[in-house]
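# Coordinate inspection notes
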Amino acid sequence: MQGVDDFDEFYARTSSRLVGQVFAMTGNLGEAEDAVQEAYIRAWQRWPRIRSYDDPEGWLRTVAYRISMNAWRKARNRLTAQHRATESVELPGLSPDLLALVSALRKIPESQRRVIVLHHLVGLPVEQIALETGTPAGTVKARLARGRRALAPLVSEFDDDPRITPRTHIRQANPGRETPAHA
Amino acid sequence: MHDTLDTQLSRLAGYAAGSTSLDQAPALRHRGTRRTKRRRGAAALGAGAVAAVVAFSIAHTGAGTSPHTAMSSKLPSARLTADQVTLLAKAHLTPTELAALAKTGFTAAELKQLASANLSAAQIAAFYGVERSVEQMTGGLSNAPLTSYQKAALAKEKLTAEQIAALNDLKLTAVQISALGKADLTPAQLAGLS
């Protein structure tokens, strides 16, 4: 079939990286794997079109993220909020500082988590994140700022940032609340 | 001393990338292709059923509602070309055959081949259960003067179209066919048995 080789090559080159990115967005490795594989299946179904995109990896990342979020939302209906808040992180071999990061990422809103990952892991500028997430650039900036503030106790780069107050702590982050951004 | 957020996220993603166990690309492609075929097949059969029932209705009653309308209305809706609808309508499939085909997930082109092979609903169902290819179903079996029991037995074995065709002249029981299928003989060897 047409495009088999370049699909396989694309899969080999990008799949592991995408799992890492979606895992950072969701905090659940199994779910990230399932979502990424499902995204590649959908990509193969429309590969002639997807391969012509400027950034097919971005398309896959967006689809995988949406799949994982849908799965997560369904799971959320079955679980109590208390259970989620206390669920343990089962990631064998992960260092304590990264376990703490996973735990912290899980406690901030998914919208903030997504822009944090897109900016700090994928390396996208604000404008491109705005395009990928379908939100205004100002909102992206606000989410980045709030996400950084919530993660500040875990990272050194924000220690001297005057915009982050010493009182800010992950435990004080309110995952359910998000005010509109001031662009 | 903490790392930067970039570094920590990179390490986290690296951990996930190193720990992941994804399926191979061909397996994912296969799943995608099967899913597409299933959708197209369901769509094609929906229109085929409607066309066949309409043709049947017009031919036998002039117009109006056929007694099979209730069955056909349960099949999924479809987007077929006029040529495809005409071909399926000319295939004179019974509602039972259409219902059996509806479960197979073949493409419209494959259905056209199957429709012309005059296979029974039982055969179609048996072939689908063991994932026969269209070539195997039509290339070998449709020309073979075998009983439906023999064909059903053949369908359960992993024989190629050539192997099936080589069995044409044999008067084998279902048990014998099953044994041959397990032996994985070449077409030449099978022909030598006759």
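Small disclaimer: the values here were computed from a predicted structure and weren't measured.

This paragraph deals with the nonpolar core. Ranked by internal contacts, the top residues of the largest apolar core, which has 51 residues, are A:Val22, A:Ala24, A:Val36, A:Ala39, A:Tyr40, A:Ala64 and B:Leu12. Taken together, the elements giving at least two residues each to this core come down to α1 (4-26), α2 (29-45), α3 (47-50), α4 (56-78), α6 (96-107), α7 (110-120) and α9 (137-151) of chain A together with α1 (5-19) of chain B. Two domains each put at least three residues into this core: domain 1 (1-87) and domain 2 (89-177) of chain A. Beyond its immediate stretch of four places on either side in the chain, A:Ala64 contacts A:Leu18, A:Val22, A:Ala35, A:Val36 and A:Ala39.

Residues and elements named next belong to chain B. For chain B, per-residue confidence averages 63 on the pLDDT scale, and 20% of positions sit at 70 or higher. Put simply, helix α3 (residues 69-72) is where chain B has its lowest mean pLDDT, 37, and α1 is where it has its highest, 89. With pLDDT under 50 throughout, residues 56-80 is counted as low confidence; its partners more than four residues away or in other chains account for 34 contacts. Scored as a complex, the prediction yields pTM 0.53 and ipTM 0.75.

This part is about the environment of A:Tyr11. Looking at the element boundaries, A:Tyr11 is found in helix α1. Between the C-alpha atoms of A:Tyr11 and A:Tyr40, which are 29 residues apart in sequence, the distance is 7.7 Å. Look past the residues within four positions of A:Tyr11 in its chain and what remains in contact with it is A:Tyr40 and B:Ala25.

In many analyses, interface size is given as the accessible surface area lost on bringing the parts together. Counting residues at the interface gives 33 residues for chain A and 27 residues for chain B. Listed by contribution, the elements that provide at least two residues to the side of chain A that touches chain B are α1, α2, α6 and α7 of chain A. At 13 residues, the largest contribution of residues to the side of chain A that touches chain B is made by α1(A). Within the side of chain A that touches chain B, the residues separate by chemical class into 21 nonpolar, eight polar and four charged.

Turning our eyes to something else, we now look at the packing of helix α8 (residues 126-133) of chain A against α9(A). All names here are of chain A. Remark: α8 packs on α9, axes separated minimally by 8 Å, with the N-to-C direction vectors making an angle of 105°. Classified by the angle between their axes, α8 and α9 sit roughly perpendicular to one another. When α8 is examined against α9, the residues Val126, Glu127, Ile129, Ala130 and Thr133 are found in contact with a partner set consisting of Ala137, Val140 and Lys141. Split into classes, the residues belonging to the contact of α8 with α9 amount to five nonpolar, one polar and two charged.

How each quantity is defined
- Residues numbered from 1 in each chain as written.
- Chains lettered and ligands numbered in written order.
- Predicted model: local features only at pLDDT ≥ 70, side-chain atom pairs only at ≥ 80, totals over all residues.
- Core = buried A, V, L, I, M, F, W, Y, C linked by C-beta atoms within 7 Å.
- Buried ≥ 20, exposed ≤ 12 C-beta atoms within 10 Å, placed from the backbone.
- Helix = DSSP H or I, 4+ residues; strand = E, 2+ residues; numbered from the N terminus.
- Domains from an automatic or database assignment.
- Contact = placed C-beta atoms within 7 Å.
- pLDDT = per-residue confidence, 0-100.
- Nonpolar A, V, L, I, M, F, W, Y, C, P; charged D, E, K, R; others polar.
- Axes fitted to C-alpha atoms, helices over the stretch in contact; angles between N-to-C directions.
- Parallel < 35°, antiparallel > 145°, perpendicular 65-115°, else oblique.

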